[in-house]
Amino acid sequence: MTKTTLIKILKATLLYSVIYTTYRCLNLPCPIKKLLNFPCPTCGVTHALEKLIQLDIKQSLGYNFLAIPFTLLFIYIIYKETTSTSDEKSNKIILYSTITLFLLYILKNLLY
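Residues numbered from 1 in each chain as written. Predicted model: local features only at pLDDT ≥ 70, side-chain atom pairs only at ≥ 80, totals over all residues. Heavy atoms only, no water.

Caption draft 1: Geometry of the nonpolar core. In this structure, Leu66, Leu73, Ile94, Leu101 and Tyr105 together form the largest nonpolar core, which totals 5 residues. It is helix H6 (residues 88–111) that provides the largest number of residues to this core, a total of 3 residues. For Ile94, the contacting residues outside a window of four places in its chain are Leu73, Tyr76 and Ile77. (Core = buried A, V, L, I, M, F, W, Y, C linked by side-chain atoms within 4.5 Å. Buried < 20%, exposed > 50% of the residue type's maximum accessible area, 1.4 Å probe, protein only. Helix = DSSP H or I, 4+ residues; strand = E, 2+ residues; numbered from the N terminus. Contact = heavy atoms within 4.5 Å.)

Caption draft 2: Local environment of the side chain of Ser60. Structurally, Ser60 is set in helix H4 (residues 57–63). Setting aside anything within four residues of it in sequence, one finds Ser60 in contact with Ala48, Lys51 and Leu52.

Caption draft 3: Layout of the environment of Thr100. As for its placement among the helices and strands, Thr100 is situated in helix H6. Within the local environment of Thr100, its side chain forms a polar contact with the backbone oxygen of Tyr96, the two atoms lying 2.8 Å apart. (Polar contact = N/O pair within 3.5 Å; in protein donor to acceptor, adjacent residues only side chain to side chain.)

Caption draft 4: Representation of the packing of helix H5 (residues 67–83) against H6. At their nearest, the axes of H5 and H6 sit 11 Å apart, and the two run at 160° to each other. Viewed along their axes, H5 and H6 adopt a mutual orientation that is roughly antiparallel. Along this stretch, H5 crosses H6, giving a crossing that reads as left-handed. Of H6, the residues touching H5 (which contributes Pro69, Phe70, Leu73, Tyr76, Ile77 and Lys80) are Ser90, Ile93, Ile94, Ser97, Thr98 and Leu101. A class-by-class count of the residues in the contact of H5 with H6 yields 8 nonpolar, 3 polar and 1 charged. (Axes fitted to C-alpha atoms, helices over the stretch in contact; angles between N-to-C directions. Parallel < 35°, antiparallel > 145°, perpendicular 65-115°, else oblique. Left-handed = near helix turned anticlockwise from the far one by under 90°. Nonpolar A, V, L, I, M, F, W, Y, C, P; charged D, E, K, R; others polar.)

Caption draft 5: Summary view of H6. With 24 residues, H6 should reach 34 Å at 1.5 Å per residue; the first-to-last C-alpha distance of 35 Å fits that figure. The complete set of buried residues in H6 reads Ser90, Ile94, Leu101, Tyr105 and Asn109. Where the residues of H6 are buried, they touch H5. (Expected span 1.5 Å × (residues − 1).)

In structure tokens, the structure reads:
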């Protein structure tokens, strides 16, 4: 992984942490849920991952069924970045996985 990529990942993580902490401390509603009137793709992912770590898969899926695929995709992306083996095939896998997850998110909210 290049130094620039690592810096970008750290900046994004820091920004997310600041925003998340601010919303949690001030007890503010999710802006996406407030604006669109349905939850964002990551609503419940933190709770879902906590339950997944505790091996409570049923509860994890109840919080956000996309947490497991998001996590697997994230691990795959980090692996590809750290091994510098990113090629056209892996880029297509990431693209199609992202599109599939987005479509599942839309379907979930249409049925919500």
